[in-house]
Amino acid sequence: MSLPFLDMRLLKQNPKRFVEQLRSACHNVGFFLLRHDLPQGLAERQLSEARKFFLEPLGNKRSISYENSPAFRGYMEFGVENTSGAADYREQVEFASEQPGGDRTALPPYERLRGTNPWPDNFQPALRLRTNEYVNAAVEMASRLRSALCLSLGLDGGALDPLFGDAPHWAIKLVSYPPIEDAGCFGGTQGVGAHTDSNFLTLVLQDEVGGLQVFSEGKWLGVPPTVPDVLVCNLGEQTEILSNGYFLATPHRVLRNSTGKTRTSVPLFYNPRLDARISPVVPNVGKSSLPWERPDRNKEHWRMKNNSMLDTVGDNTFKSLARSHPAVFGRHHRDLCLLEDGQIVHRGGS
């Protein structure tokens, strides 16, 4: 089995055919490869700037540490992020859409995720420019994919526009997976543990070093390395809920890097507004005219334990960040408590 391959050029040339290919890919797999139509050279420049950042001295990278950010933005050293309860062997820097806010006492708690990014302007000023250029183009393309997803569900192309508004909430990670020859030097075997994304749509720019795997039809499938004009795309839990289970939020993981070369990837997470509420926009399977092609109509999909979907996009975003970064959550949000089911509540009960 191989992942479906789509081409954004077809969306202009034959929209109906593209929409049908997208429907099939998202219903049956939840992952697909996409030849994008971003401006020429943009993806290569983003990968190049990411590599330059990780070659900087540790002291420079630590100067924008996420430990100082209540909104969980900035540089993260090896092993500080965990997935599925185990440490991930990678280093990364995370940025997100910049909005007024940043009040660490704000309620509801997800309002604390608003703010600015700790850009490394004093030692790598081009990173801000290149990343914003890439994000602006990628988010615009994601909005076109969102419209195509609506059409593939039999909806109007703008059916989800109210959830996103003029300022969707995006996040981007620049990630470096160094090669590891001795598995015993860092516990476990994961680059990133098995998980499903909690967002709407993820676009992954990666280099020629492999390691990403997708769980489909009961087994793990290796995603081939791609060239910069091809992105790896997957749906998140929001899209699965919006489609009433017709589309899949597919589990995936990254293996420890044993290739001898550093792997670099740049995932972009595309979300509605933080205050948007997610609920199905199409009928359930028995009342829908959409063709059902998966063999698992009555089979429970793979899910992590205690992974409840909460009321709003912001609640789920904060849940994921707090679980992955408990030290930062504890440092900046001592008035909040993370419950077992993922709810974040104020210790004062308000």
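**Student:** What should I look at first to understand the environment of Leu336 in this one?
**Tutor:** In this structure, Leu336 sits in strand β15 (residues 336–338). Leu336 gets classed as buried once you look at its relative accessible area, which sits at 1%. Spatially, the C-alpha atoms of Leu336 and His346 are 4.5 Å apart, while their sequence positions differ by ten residues. Among all residues touching Leu336, those that are not within four sequence positions of it are Leu107, Pro109, Arg112, Phe318, Phe329, Ile344, Val345, His346 and Arg347.

**Student:** Would you explain the pattern of salt bridges in this entry?
**Tutor:** For side chains of opposite charge, pairing can occur when their charged atoms come near one another. Here the structure, examined in full by the defined rule, presents 17 salt bridges. Put simply, Asp229 and Arg35 hold a salt bridge, and the shortest N to O gap is 2.8 Å. On the criterion of sequence distance, the pair formed by Asp229 in the loop between β11 (219–222) and β12 (230–235) and Arg35 in strand β2 (residues 31–35) is long-range, its members being 194 residues apart. Asp229 gets classed as partly exposed once you look at its relative accessible area, which sits at 30%. In this structure Arg35 comes out as partly exposed when scored by relative accessible area, which is 25%. With a shortest N-O distance of 2.7 Å, Arg112 and Asp335 are connected by a salt bridge. Of this pair, Arg112 sits in the loop between β6 (91–96) and α5 (126–152) while Asp335 is found in the loop between α9 (326–332) and β15, placing the two residues 223 residues apart along the sequence. Overall, the relative accessible area of 23% leaves Asp335 in the partly exposed class. A cluster of three or more residues bridged by salt bridges with shared partners is formed by Asp7, Arg9, Arg35 and Asp229.

**Student:** Teacher, can you tell me more about helix α3 (residues 42–54) here?
**Tutor:** The end-to-end C-alpha distance of α3 is 19 Å, a good match for the 18 Å that 13 residues give at a rise of 1.5 Å each. Those residues of α3 that fall on the buried side of the exposure criterion are Leu42, Ala43, Gln46, Leu47, Glu49, Ala50, Phe53 and Phe54. Each buried residue of α3 lies within a common arc of 160° when the element is viewed along its axis, so the set occupies one face.

**Student:** Just to check I follow, could you spell out the pairing of strand β13 (residues 252–255) for this structure?
**Tutor:** Each regular strand displays side chains that alternate between the two surfaces of the sheet. The side-chain alternation of β13 yields one buried face, formed by His252 and Val254, and one unburied face, formed by Arg253 and Leu255. Pairing analysis gives three bridges linking strand β8 (residues 190–195) to β13, with the strands arranged antiparallel. Pairing of His195 across the sheet is with His252, part of β13. The pairing of strand β10 (residues 212–216) with β13 spans three bridges and is classified as antiparallel. Bridged to Leu212 within β13 is Val254.

**Student:** Help me understand the packing of aromatic side chains, please; the structure alone is not making it clear to me.
**Tutor:** The relative placement of two aromatic rings is captured by the distance of their centres and the angle of their planes. Evaluated as defined, the whole model comprises 13 aromatic pairs. Judged by centre distance (5.0 Å) and plane angle (20°), the ring pair of Phe164 and Tyr270 falls under stacked. One end of the pair, Phe164, is in helix α6 (residues 161–164); the other, Tyr270, is in strand β14 (residues 263–271), with 106 residues separating them in the sequence. Classification of Phe164 as buried rests on a relative accessible area of 0%. Centroid distance Tyr246 to Trp292: 6.0 Å. Interplanar angle 70°. Geometry classified as edge-to-face.

**Student:** What is the right way to read the packing of helix α2 (residues 15–28) against α5 from this model?
**Tutor:** Any two packed helices are characterised by the angle at which their axes cross and by the distance between the axes. Two numbers describe how α2 lies on α5: the axes approach to 9 Å, and their chain directions differ by 80°. In terms of axis orientation, α2 runs roughly perpendicular to α5. Mapping the contact onto sequence places Phe18, Val19, Leu22, Arg23 and Cys26 in α2 and Leu145, Ala148, Leu149, Leu151 and Ser152 in α5. Among the residues making up the contact of α2 with α5, the classes are represented as eight nonpolar, one polar and one charged.

**Student:** Quick question: what am I supposed to make of the sheet that holds β6 here?
**Tutor:** By way of backbone hydrogen bonds, the strands of a sheet pair with one another, either parallel or antiparallel. The strand order β1-β2-β12-β9-β14-β7-β6-β3 describes an open sheet built from eight strands, whose pairing is mixed. Edge positions in the sheet fall to β1 (5–7) and β3 (74–76), since each of these pairs with one other strand and no more. Going across the sheet, the axis of each strand differs from the next one's by a mean of 25°, ignoring polarity. Looking at chain direction, β1 and β2 are connected through three bridges and run parallel. Along β2, the bridge assignment pairs Phe5 with Leu33. Across the sheet, α3 lies against β3, β6, β7 (169–177), β9 (201–206) and β14, angled at about 115° from β14, the strand it touches most.

**Student:** For this particular structure, what's the right way to read the packing of α3 against α5?
**Tutor:** One way to put it is that α3 packs onto α5 with a least axis distance of 9 Å and a crossing angle of 140°. Read as a crossing pair, α3 and α5 show a hand that is left-handed. On the side of α3, the interface is formed by Leu42, Ala43, Arg45, Gln46, Glu49 and Phe53, while α5 contributes Ala126, Leu127, Arg130, Thr131, Glu133, Tyr134 and Ala137. Along the lines of polarity and charge, the residues of the contact of α3 with α5 split into seven nonpolar, two polar and four charged.

**Student:** Can you help me understand the sheet that holds β13 in this one?
**Tutor:** Strand order across the open sheet formed by four strands is β8-β13-β10-β11, with antiparallel pairing between neighbours. Sheet topology places β8 and β11 at the edges, where each strand pairs with a single neighbour. Averaged over all pairs of adjacent strands, the angle between their axes in this sheet comes to 30°, without regard to strand direction.

**Student:** Looking at this structure, how should I read the state of the cysteines?
**Tutor:** Covalently bonding the sulfur atom of one cysteine to the sulfur atom of another cysteine gives a disulfide. Scanning all chains against the criterion turns up zero disulfides. This cysteine, Cys233, is not joined by any disulfide, and Cys26 carries the nearest cysteine sulfur, 8.8 Å off. Cys233 sits in the buried class, given a relative accessible area of 0%.

Cut-offs used in this document
- Residues numbered from 1 in each chain as written.
- Predicted model: local features only at pLDDT ≥ 70, side-chain atom pairs only at ≥ 80, totals over all residues.
- Heavy atoms only, no water.
- Helix = DSSP H or I, 4+ residues; strand = E, 2+ residues; numbered from the N terminus.
- Buried < 20%, exposed > 50% of the residue type's maximum accessible area, 1.4 Å probe, protein only.
- Contact = heavy atoms within 4.5 Å.
- Salt bridge = Lys/Arg side-chain N within 4 Å of Asp/Glu carboxyl O.
- Expected span 1.5 Å × (residues − 1).
- Arc of directions from axis to C-beta.
- Pairing = 2+ DSSP bridges.
- Phe/Tyr/Trp six-rings, centres within 6.5 Å; stacked < 30°, edge-to-face > 60°.
- Axes fitted to C-alpha atoms, helices over the stretch in contact; angles between N-to-C directions.
- Parallel < 35°, antiparallel > 145°, perpendicular 65-115°, else oblique.
- Nonpolar A, V, L, I, M, F, W, Y, C, P; charged D, E, K, R; others polar.
- Left-handed = near helix turned anticlockwise from the far one by under 90°.
- Disulfide = S-S within 2.5 Å.

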